[in-house]
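# Topology and contacts: notes
Next come the chains, spelled out residue by residue.
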Amino acid sequence: LTERRDLPAAAEALRMPYDAFRKRFARLAGSTPSGYLAVLRADRACRMLLETTRTLAEIAEHLGYCEADHFSKAFKISVDSAPSSYRKNHA
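Residues numbered from 1 in each chain as written. Predicted model: local features only at pLDDT ≥ 70, side-chain atom pairs only at ≥ 80, totals over all residues. Heavy atoms only, no water.

## A short note on the overall build of the protein
For the protein, the count of helices and strands is six helices and zero strands. Shown N-terminal to C-terminal, the secondary structure of the protein runs as helices and strands in the order α-α-α-α-α-α. The principal-axis extent of the C-alpha atoms belonging to the protein is close to 45 × 20 × 20 Å. A burial count over the protein gives 24% of its 91 residues as buried. For the protein, the proportion of contacts with a sequence separation of at least 24, taken over those separated by at least 6, is 46%. A total of about 6,400 Å² of accessible surface is found on the protein, and carbon and sulfur atoms cover 50% of it. (Helix = DSSP H or I, 4+ residues; strand = E, 2+ residues; numbered from the N terminus. Buried < 20%, exposed > 50% of the residue type's maximum accessible area, 1.4 Å probe, protein only. Contact = heavy atoms within 4.5 Å. Areas by Shrake-Rupley, 256 points an atom, 1.4 Å probe, with all protein chains shown as cover.)

## Regarding the packing of aromatic side chains
Taken as a whole and judged by the stated rule, the model has six aromatic pairs. Taking the centre distance of 5.5 Å and the plane angle of 70° together, the rings of Phe25 and Tyr36 count as edge-to-face. Here Phe25, found in helix H2 (residues 18-29), pairs with Tyr36, found in helix H3 (residues 33-51); they are 11 residues apart in sequence, far enough to count as distant. For Phe25, a relative accessible area of 23% translates into the label partly exposed. Overall, Tyr36 belongs to the partly exposed group, its relative accessible area being 38%. With a centroid separation of 5.6 Å and 75° between ring planes, the pair formed by Phe75 and Tyr86 is classed as edge-to-face. In this pair, Phe75 sits in helix H5 (residues 68-79) while Tyr86 sits in helix H6 (residues 83-90), placing the two residues 11 residues apart along the sequence. Look at Tyr86 and you get buried, because its relative accessible area is 13%. A network of ring pairs unites the aromatic residues Tyr18, Phe21, Phe25 and Tyr36 as a single cluster. (Phe/Tyr/Trp six-rings, centres within 6.5 Å; stacked < 30°, edge-to-face > 60°.)

## Structural notes on empty space enclosed by the protein
Scanning all chains against the criterion turns up one cavity of 30 Å³ or more. Considering only enclosed or pocket space, the largest cavity measures out at about 30 Å³ in volume. For the largest cavity, the full set of lining residues is Ala38, Arg41, Ala42, Ala45, Leu63, Tyr65, Phe71, Ala74, Phe75 and Ser78. Those elements that provide at least two residues to the lining of the largest cavity are H3 and H5. (1 Å grid on protein atoms, 1.4 Å probe; cavity = no way out; pocket = protein on both sides within 12 Å on 5 of 7 lines; lining within 4 Å. Points joined across faces, edges and corners; volume = space filled by probe spheres on them.)

See the structure below:
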């Protein structure tokens, strides 16, 4: 979760075309690879928001986002709350 993932490279490492990898992953995990990573990142972000005093920028960097704004948008889509609001309302 702390580094950017190259999903086509993961498929290549498994000697599979990316489309086949994506479909098989979705069938087995119930989500696309990128969707699965988004859920894992949101879960880790929730814990970090509640258990640490790290800034949003620090959490974004830790989770492999290029910018805090990108992290905030992704978090809001996954959790239906802005990260700062989540921290405030669940602490």
